[in-house]
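# Coordinates in review
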Amino acid sequence: MTADMRNAIYHQMDFGQLALQKLGQLDPNFRLYLAGIKPEPPKEWTHMEVVGAVFREPKSGPNKGTLSMMVPGTRKSVKLSRSELTEYRANQKADSQTNESK
C-alpha cells in the first residue's frame, strides 16, 4: 500500500513548520515525508534533516484519488540545527501564551 500524503502530518509538527519556513515558497502539493536527527545517539544530536517533495494523484489504479506519487526532480531537504529548533519552539510557546492572554 502506498502512503497517502493528503494529511501532511509533518506539516503540523514544530520541526515541519520550521522546515517549511526555511524552504520558502512551495507547490501546494509539496509534502514533508522524512525527518531524522543526526548524528545518533539522540542525546547528542546536533541537527535534524527534513526532506520533502511534490506529490500528485495517480490518474488510475487502486491509489486513484490519493496524493501518493512523488514527482521526479522535486525533492528538497533542509537542515535544522538543534539551537534554531529550540528557539523556534520557545517563540511558538511565547506566541501562544500571548494569544491566550488576549
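Residues numbered from 1 in each chain as written. Predicted model: local features only at pLDDT ≥ 70, side-chain atom pairs only at ≥ 80, totals over all residues. Heavy atoms only, no water.

Within the protein, the regular secondary structure consists of two helices and four strands. Secondary structure elements of the protein, listed N to C terminal, follow the sequence α-β-β-β-β-α. Computed over C-alpha atoms, the radius of gyration of the protein comes to 16 Å, more than 25% over the 13 Å expected from 2.2 N^0.38 for 102 residues, which places it beyond the range of a compact globule. C-alpha atoms of the protein, sized along the principal axes, occupy 50 × 40 × 25 Å. Buried residues in the protein amount to 27% of all 102 residues. A sequence separation of at least 24 residues applies to 51% of the contacts in the protein between residues at least 6 apart. Total accessible area computed for the protein in this model is approximately 7000 Å², and 51% of it derives from carbon and sulfur atoms. (Helix = DSSP H or I, 4+ residues; strand = E, 2+ residues; numbered from the N terminus. Rg over C-alpha atoms; globule rule 2.2 N^0.38 Å. Buried < 20%, exposed > 50% of the residue type's maximum accessible area, 1.4 Å probe, protein only. Contact = heavy atoms within 4.5 Å. Areas by Shrake-Rupley, 256 points an atom, 1.4 Å probe, with all protein chains shown as cover.)

Before going further, it helps to examine the side chain of Thr66. With respect to the helices and strands, the residue Thr66 is situated in the loop between β2 (47-56) and β3 (69-70). Note on Thr66: relative accessible area 14%, which makes it buried. In this structure the side chain of Thr66 is engaged in a polar contact, spanning 2.5 Å, whose partner is the backbone oxygen of Asn63. Reaching out from Thr66, the side chain makes a polar contact with the side chain of Ser68 at a distance of 3.0 Å. Excluding anything up to four places from it in sequence, Thr66 contacts Asp4, Arg6, Arg56, Glu57 and Pro58. (Polar contact = N/O pair within 3.5 Å; in protein donor to acceptor, adjacent residues only side chain to side chain.)

Backbone phi values are negative for most residues with the exception of glycine, while trans is the configuration of most peptide bonds. Here the residue pair Lys38 and Pro39 is connected by a cis peptide bond, since its omega of -25° sits within 30 degrees of zero. Tracing the sequence through the fold places Pro39 in the loop between β1 (30-38) and β2.

Turning our attention to the packing of aromatic side chains. Scanning all chains against the criterion turns up two aromatic pairs. Aromatic pair Tyr10 and Phe15: ring centres 5.4 Å apart, planes at 65°, arrangement edge-to-face. For Tyr10, a relative accessible area of 25% puts it in the partly exposed group. With a centroid separation of 6.0 Å and an interplanar angle of 80°, the aromatic rings of Tyr33 and Phe55 are classed as edge-to-face. Highlighted residues: Tyr33 in strand β1 and Phe55 in strand β2, separated in sequence by 22 residues. (Phe/Tyr/Trp six-rings, centres within 6.5 Å; stacked < 30°, edge-to-face > 60°.)

Here the idea is simple: oppositely charged side chains can pair when their charged atoms come close. Across all of its chains, the model carries three salt bridges by this definition. As a salt-bridge pair, Lys22 and Glu84 come within 2.9 Å of each other at their nearest N and O atoms. Taken together, the residues span a long stretch of sequence, with Lys22 in helix α1 (residues 14-23) and Glu84 in helix α2 (residues 82-100) at a distance of 62 residues. (Salt bridge = Lys/Arg side-chain N within 4 Å of Asp/Glu carboxyl O.)

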